[in-house]
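# Notes for the structure review
Okay, here's what each chain looks like letter by letter:
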Amino acid sequence: MRNTIFTVALLGATALTVACDIKDDDSAAGPVTDDTASGDADADTDADADADADADADADADDTGTTPAGPTVVDVQTHVVATGDSVTLEGVVVTSGFTPANTGFFIGDAAGGPNSGVWVYAPFMSADVIIEPGNEITITAIVGEYAPAEEEDGDTGAVEAPELTDYETQTQLILGSAEDVVVTGVVDMPMASLLTGDTLAVAETAEAYEGVTVSFEGVSVTGAYEGGMFQIDGGNSVGEMFVDFEYVRLGDTFTNLTGVVGFKDGLYTLSPRSNADVEGHATTCGSCTADLCIDDLAAGNLVISEIMANPDTCGDRDNAGEYIEVYNAAAGSVDLNCLALTDGGEHVGYVETETIVPAGGYAVLQRRGEEYCYDDAIAATGAPTAIYRKAMSLNNDGDSVTLSYEGTVFDTVTYTASGDDSWPVAEGASMRLDGGMVTVPGGASANDEPVNWCVSMSPIGDTTDLGTPGAANGLCAGIFGK
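On a predicted model such as this, the values are computed, not experimentally measured, just so you know.

What counts and how
Residues numbered from 1 in each chain as written. Predicted model: local features only at pLDDT ≥ 70, side-chain atom pairs only at ≥ 80, totals over all residues. Heavy atoms only, no water. 1 Å grid on protein atoms, 1.4 Å probe; cavity = no way out; pocket = protein on both sides within 12 Å on 5 of 7 lines; lining within 4 Å. Points joined across faces, edges and corners; volume = space filled by probe spheres on them. Helix = DSSP H or I, 4+ residues; strand = E, 2+ residues; numbered from the N terminus. Pairing = 2+ DSSP bridges. Axes fitted to C-alpha atoms, helices over the stretch in contact; angles between N-to-C directions. Salt bridge = Lys/Arg side-chain N within 4 Å of Asp/Glu carboxyl O. Buried < 20%, exposed > 50% of the residue type's maximum accessible area, 1.4 Å probe, protein only. Polar contact = N/O pair within 3.5 Å; in protein donor to acceptor, adjacent residues only side chain to side chain. Contact = heavy atoms within 4.5 Å. Nonpolar A, V, L, I, M, F, W, Y, C, P; charged D, E, K, R; others polar.

### Examining the layout of surface pockets
Regions of empty space are outlined by a rolling probe, equal in size to a water molecule, passed over the atoms. What the second largest pocket holds in volume is close to 660 Å³. Listing elements by their share of the lining of the second largest pocket, those giving two or more residues are β5 (117-121), β7 (170-174), β13 (253-264) and β14 (267-271).

### As for the sheet that holds strand β17 (residues 323-328)
Pairing within the open sheet is mixed, and its six strands lie in the order β23-β22-β17-β16-β26-β27. Each having just a single partner strand, β23 (385-388) and β27 (453-455) make up the two edges of the open sheet. If you compare each strand with its neighbour and ignore which way they point, the axes differ by 25° on average.

### Digging into the pattern of salt bridges
Counting across every chain of the model gives five salt bridges. Notably, a salt bridge pairs R273 with D277, separated by 2.8 Å at the nearest N-O pair. What makes R273 buried here is its relative accessible area of 19%. Connected through shared salt-bridge partners, E226, E352, R368, R389 and K390 make up one network.

### Observations regarding the pairing of β5
Among the five residues of β5, four are classified as buried, and the element is accordingly described as predominantly covered. For strand β4 (residues 104-108) and β5, the ladder comprises five bridges, and the chain directions are antiparallel. Paired with I107 across the bridge in β5 is V118. As judged from the three bridges shared by β5 and β7, these two strands associate in the parallel manner. By the bridge assignment for β7, Y121 is matched with I174.

### Considerations on the side chain of R389
Along the chain, the position of R389 falls in the loop between β23 and β24 (398-405). A residue is classified by how much of its surface remains accessible, and R389, at 3% relative accessible area, is buried. Within polar-contact distance, the side chain of R389 engages the side chain of E352 at 3.3 Å. In this structure R389 touches Y225, E246, V248, R249, V348, G349, Y350, E352 and R368, once residues within four positions along its chain are discounted.

### Thoughts on empty space enclosed by the protein
Under the criterion given, the structure shown has two cavities of 30 Å³ or more. Computed from the structure, the largest cavity encloses a volume of approximately 40 Å³. Forming the walls of the largest cavity are T95, I107, G108, G112, G113, S116, G117, P190, M191, G211, V212 and T213. When the residues that make up the lining of the largest cavity are grouped by side-chain class, the tally is four nonpolar, eight polar and no charged. In terms of lining residues, the second largest cavity is bounded by I307, A309, N310, V425, A426, A429, S430 and M431. Looking at the lining of the second largest cavity residue by residue, the classes come out as six nonpolar, two polar and no charged.

Now the structure itself:
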């Protein structure tokens, strides 16, 4: 071994001195003899002092590159380069494009591995910083630690926060000018680190992969899509910083997911950078234990029979407690898994669990939330129930509900709460389809007319709201609001 001292002048900061041990030869190669062709002391034909056949100073015969002489991303992530210092990194690789919000991009050391990636914060410079994944660049930036805002204190940005641990902040490079990024070539992307288990779900193990390109193989979706992300095996989170994952449902599988690891609000999240990072997606929609799966259904097989658009007692949020009751008009039992619900604003919710409805039976589909105050009343009816994504919600003054799967529309109801064509929308009460219209052929057409609907009059369990979720609808004749 010999000890070599590198001194790197950092812009706007004191010089950074790094001591490195470098092997003089490959000790595993055994005794060496003088190489008269090259004049060095080993047995190969190159001019360096190690025993491999390449021209660099390490013992890896397959590596024909050179070790960066200056600071690396690893040095930034492991605090060899201090927070607040300016640093110039040479030969690093762009590992993602700008985010859709144009706030920045990721870079990494060419060798990959733990601590080899970092986020570059370059707000709204995408028009001036012309980079693409695979570009080799030289970049000069300030090292910062980003921490979530705490009350009125605001984000810590580039200031040092010694009271926080590494896995409570995000190390980042803060770009000051587009001129501080220079593209020097096009190279292979760093190899993704293959992760297993709960690596990203546990902060202490995830920290080493912050900003790094990683991959998971053969995974299942174990946590429902919510807030722009979902969970896979091990509790690891996958987000949509670059790719829209709204189509993902519980139980889906992937042969491989690759991306960069971002950090926000204490959560490390794998973010695939394009559809090429998402391989082998498969759903559970095509198989079920019911007589009919969702892809076996035709228009009219499902009938929207009750809508709670304006609940009153389920929580502080106006839409807490919203539900849609569905009647099975098909000839056999139906599994509603993968059913899509769409509102008038094109917001989509999905049924993501097995939900088997017998022929002639009802199911209650509830909007995802923190409170489900009708559960006891629904359970008393024996009707199956499922939760759909909260992006889909119902307006009190008029909206639409569409049930569909892969382009096949089973039923649609469009209601208004005012004007000549008004529907019986009332605060704290559902509107229900006349029981005589639900079960007859063509129920999915009968529910298009407001005259066939009325305000529910029965209390839901021990709440003060009115409705009959999961129970058969009675006739509307003589009911106020018909």
